[in-house]
Amino acid sequence: MSDTKQNLHEFKGRRVEVFHLESEKAQLRAYGVKEDPNFRGFRRFIPQQHIDFYNKLPFTVLASADDNDDVWVSVATAQANKQLMHADKDGVSFKGLDKLAAHADPVWDLKPGQPIGMLGIELHTRRRNRVNGVVSRSKEGYFQLGGPLLSFGNCPQYITERNWKFREGERKEAKVTRSNTLTKDQQDLISKSTTTFIGSGHPRTGVDASHRGGPIGVFRVVDDKTIMFPDFPGNHQLKSLGNIIANGKLGMWFGDFETGNSIQLTGDAQMIWCDEAEGRKRRDTLLGRAISSETARFPDTFNWVVFKARKIIARSESLSVQWTLRNDYINLNVSKIVDEAKGVKSIYLSPIAEGKKKKGLAKAIGGQYLPIFVQPASHAYKRGDNMKPLDRTYTISAATEEYYRLTVKKVYKGKVSTYFHTDLKEGDIIQTREPQGHFVLQYETSDAITRNIDPPSTVVFISAGIGITPLVPMLKQVVEAAEAGRHKPRVIWIHGTQSPTDLPKTLHQEVESYLKRYRRANGSAFEIIRLSRSLGDATETELKSGGSERGFWSKGRLSKEVLDTILKSNEVKRDTTHFYTCGPSGFMSMLSDALTGFPHVFTESFGPSAVPKKTG
């Protein structure tokens, strides 16, 4: 049977694959590369970081298909002040589900064995993770998402930030209205939405629950059945779009986050590829027919999804949680800009004086990032005179009471990184929020840790390129803990880059300084710099670091074989070693193979998980 002919009811539940043929075709067409299904981010269990994340969420997004192969999406909320989900490595049990919110919801009418997808999303931090699995019931009768599982994370792009609280006052069962066309009020709600949750599926990969968002006007109502929206570039997985191409089944959810009113839609969808003239013509024709009350402009190269609803369920006050838009921006002054290496700059952001005093900065834990909001002149996502800022997250490479430092690599066609490199000046003002993120030392107590585990005997830091940025402040934290007499694990620092001139000079100097301090505190530290193109003025000779410790520069790519040799020669132990790794996608894919079998690997990845396209 052809891959595009398979339907969701053919799902067998034996294994949830990462990608299917149509997803891979879409990846090749859109990006010229095929994603790596063996990337470490795809797991057959729920990792502890995700378990802790799911267990604290007051709501989650679920998607599944009914007996007619119609895909439905639901937002499940908790009973007031109760824990919605109880997750472990094998699945999720919904013990604290608000029954009023679930009333007459097709997603909660599923039978054991049917595929189900979950998106856990924290709107106020934009963090999100996903898991696909199978419906089951516990002995106590609780609804469960169980194995076989596929668990993975997602990037935080295009999420409108909202703060949440439980709805106050007495609630009743949701009033449910069914139809096959959108009312004027529903059309207006969709036109003004910045968020939707979608569901799609394939018998080989199960059902996916996902998020789509953007500025007001991103969702265009064409008529009383049809909605279209652009496909923003993301993590390059194209799981949902591959499902749409394979069978055209799609579910959508729109809601009023303050009142709790929601709309569930199921129907059929198609892709409009705008890399060809016929696709652009069809897109323009549909946009010209749109009856939306809001519009926005998007780059001409964006592809579009066209959805036509067959069944619509409207639910009033269906959620026990309500959200309000975040508006807690912090203005910081660009106090200094430093050239670190070719295409790499460090941006120092300092508090702005209010009268005679400067407001202090919130503490940043090593490894965290800073949300950034800017409006470069090249920003094309406009809605009338109300321009929505472009938002990015940049790792904090250093933090004091006086400044945050962001070390930014210029990315080809990257709007914000190009703005930082070409237009930003000292004295400019940047909008941010407080530091966020959970990629931190897991054995040092902080509000950002995702689990409590015993201190390691060895900490191995592995990075490549600009991936050095989160690891430098983490190394500093290791040094400060040793100097304070807390923990003193052996430290192995491994970094790969092209040549000595590609090392961000300030960050490299700080690494050297921290390692010397660590040795003075009687800590064991070993450093390896691997240069793939040129040693420059460096030589193969060892760089003496004092005592029995040593470090060296060597020429060649930091490969799996090289890493295996380093770990074996240093007798790195499996169960008592913590790895903190960061770098570009191909490098992280290599590490996923090299570190297979080590239980304590913590990662931060820059860019998609795709492996480079082979040529020749």
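This text gives an overview of the structure that appears in the document. Here the structure is a predicted model, which is why all the values come from computation and not from measurement. (Residues numbered from 1 in each chain as written. Predicted model: local features only at pLDDT ≥ 70, side-chain atom pairs only at ≥ 80, totals over all residues. Heavy atoms only, no water.)

Quick word on the overall build of the chain
The line we're drawing: Helix and strand definitions follow DSSP, with helices as H or I runs of at least four residues and strands as E runs of at least two, each counted in order from the N terminus. Each residue gets one of three labels from its accessible area relative to the maximum for its type: buried under 20%, exposed over 50%, partly exposed in between, using a 1.4 Å probe on protein chains only. Should any heavy atoms of two residues lie within 4.5 Å, those residues are counted as being in contact. Residue burial considers only the protein chains on display, and all accessible areas are found by Shrake-Rupley using a 1.4 Å probe.
Secondary structure summary: the chain contains eleven helices and 32 strands in total. In the chain, buried positions account for 57% of the 616 residues. Here the analysis covers contacts within the chain between residues at least 6 apart in sequence; of these, 73% occur between residues at least 24 apart. About 26700 Å² of surface is accessible on the chain, with carbon and sulfur atoms providing 47% of the total.

With respect to helix H9 (residues 505–520)
For clarity, the threshold we go by: For a helix, the expected span equals 1.5 Å multiplied by the residue count minus one.
A rise of 1.5 Å per residue sets the reference length of H9, with its 16 residues, at 22 Å; its end C-alpha atoms lie 23 Å apart and thus fit the reference within 8%. Among all positions in H9, only Thr-506, Leu-507, His-508, Glu-510, Val-511, Tyr-514, Leu-515, Tyr-518 and Arg-519 are buried. After H9 finishes, the residue Asn-522 shows a positive phi value of roughly 65°.

Observations concerning the packing of aromatic side chains
Convention followed: Pairing of aromatic side chains requires ring centres within 6.5 Å, counting the rings of Phe and Tyr and the six-membered ring of Trp. Pairs whose planes differ by under 30 degrees are stacked, by over 60 edge-to-face, and all others tilted.
With the rule as written, the count across this model stands at 23 aromatic pairs. Judged by centre distance (4.8 Å) and plane angle (65°), the ring pair of Phe-579 and Phe-598 falls under edge-to-face. Here Phe-598 lies in the loop between helix H11 (585–594) and strand S32 (601–606) and Phe-579 lies in strand S31 (residues 577–584), a separation of 19 residues in the sequence. Phe-598 carries the same exposure label as Phe-579, and that label is buried. Three or more aromatic residues joined by ring pairs form one cluster here, namely Phe-59, Phe-197, Trp-253, Phe-257 and Trp-323.

Structural notes on the sheet that holds strand S6 (residues 127–137)
The strands making up a sheet associate through hydrogen bonds between their backbones, and the pairing can be parallel or antiparallel. The following threshold applies: A pair of strands is considered paired only if DSSP assigns at least 2 bridges between the two. Inter-axis angles, ranging from 0 to 180 degrees, are taken between N-to-C directions of lines fitted to C-alpha atoms, where helices are fitted over the stretch in contact.
With antiparallel pairing, the seven strands of this open sheet are ordered in space as S2-S1-S5-S6-S7-S4-S3. Each having just a single partner strand, strand S2 (71–77) and strand S3 (86–88) make up the two edges of the open sheet. Pairwise comparison of adjacent strand axes, ignoring direction, gives a mean angle of 30° for this sheet. Strand direction decides the pairing type here: S3 and strand S4 (residues 91–93), joined by three bridges, are antiparallel. The residue bridging His-86 from the neighbouring strand is Ser-93, located in S4.

Notes on the nonpolar core
We count it as follows: We define a nonpolar core as any set of buried Ala, Val, Leu, Ile, Met, Phe, Trp, Tyr and Cys residues linked to one another through side-chain atoms lying within 4.5 Å.
Tyr-54, Val-61, Phe-94 and Met-118 are the most contacted members of the largest nonpolar core, which totals 45 residues. Put simply, the parts of the chain that give this core at least two residues each are helix H2 (48–55), strand S1 (59–65), S2, strand S5 (115–122), S6, strand S7 (143–153), strand S11 (206–213) and strand S17 (321–325). With sequence-adjacent residues up to four places away left out, Val-61 is seen in contact with Val-73, Ser-74, Val-75, Gly-117, Met-118, Leu-119, Ile-121, Phe-197 and Ala-209. In terms of nonpolar packing, the next biggest core, distinct from the first, is built from 34 residues, Ile-263, Phe-298, Phe-302 and Phe-307 among them.

Considerations on the side chain of Ser-350
The condition that has to hold: Think of a polar contact as two N or O atoms within 3.5 Å of one another; within protein, one of them needs to be a possible hydrogen donor and the other a possible acceptor, and neighboring residues in sequence only count if both atoms come from side chains.
Relative to the assigned elements, Ser-350 resides in strand S19 (residues 344–351). On the accessibility criterion, Ser-350 (8% relative accessible area) is buried. Of the polar contacts made by the side chain of Ser-350, one reaches the backbone oxygen of Glu-402; its length is 3.2 Å. Sequence-distant contacts of Ser-350, that is, excluding residues within four places in its chain, are made with Leu-332, Asn-333, Ser-335, Glu-402 and Tyr-403.

Remarks on the environment of Ala-269
The residue Ala-269 is located in strand S15 (residues 262–272) in this model. Judged by its relative accessible area of 6%, Ala-269 is buried. Here the alpha-carbon distance between Ala-269 and Met-228, two residues 41 residues apart in the chain, equals 9.1 Å. Those residues within four positions of Ala-269 in sequence are excluded, and the remaining contacts are Ile-244, Gly-248, Leu-250, Val-305, Val-306 and Phe-307.

Remarks on the pattern of salt bridges
When the charged atoms of two side chains with opposite charge come close together, those side chains can pair. Note the threshold: Salt bridge, as applied in this entry: a Lys or Arg side-chain nitrogen positioned within 4 Å of an Asp or Glu carboxyl oxygen.
Applying the stated rule across the entire model yields 21 salt bridges. A salt bridge links Asp-428 to Lys-425; the shortest N-O distance between them is 3.7 Å. For Asp-564, the salt bridge goes to Lys-560, with nearest N and O atoms at 3.3 Å. With Asp-564 and Lys-560 both in helix H10 (residues 560–569) and four residues apart, the pair spans about one turn of that helix.

Description of the sheet that holds strand S23 (residues 390–399)
Reading around the barrel, the six strands line up as S18-S19-S24-S23-S22-S25 and close back on themselves, with antiparallel pairing between neighbours. Recorded for the sheet is a direction-independent mean angle of 45° between the axes of neighbouring strands. Of the strands in this sheet, S23 and strand S24 (404–409) touch helix H8 (residues 468–483), which is tilted by about 35° from S23. Most of the contacts of H9 go to strand S18 (residues 330–341), to which it runs at about 85°, and overall it touches S18, S19, S23 and S24.

Re helix H4 (residues 184–191)
What counts here: Along the arc lie the directions from the helix axis toward the C-beta atoms.
The complete set of buried residues in H4 reads Gln-186, Gln-187, Ile-190 and Ser-191. Considered in projection along H4, the buried side chains sweep an arc of 135° and stay on one side of the axis. Opposite the packed face of H4, turned more than 90 degrees from it, sit the exposed residues Lys-184 and Asp-185. Those residues of H4 that are buried are in contact with strand S12 (220–221), strand S13 (226–231), strand S14 (249–255), S15 and strand S16 (303–315).

A word on unusual backbone geometry
Pro-148 follows Gly-147 through a cis peptide bond whose omega is 5°. Locating Pro-148 in the fold gives a position in strand S7. For Asn-81, which is not a glycine, the phi torsion comes out positive at approximately 65°. Turning to its location among the elements, Asn-81 is positioned in the loop between S2 and S3. Judged by relative accessible area, Asn-81 falls into the exposed class, the value being 70%. In the Ramachandran plot, Glu-571 falls in the positive-phi region, its phi being about 50° despite a non-glycine side chain. Within the fold, Glu-571 resides in the loop between H10 and S31. Residue classification places Glu-571 among the exposed residues on the basis of a relative accessible area of 62%.

Function cannot be inferred from these measures alone, as they are strictly geometric.
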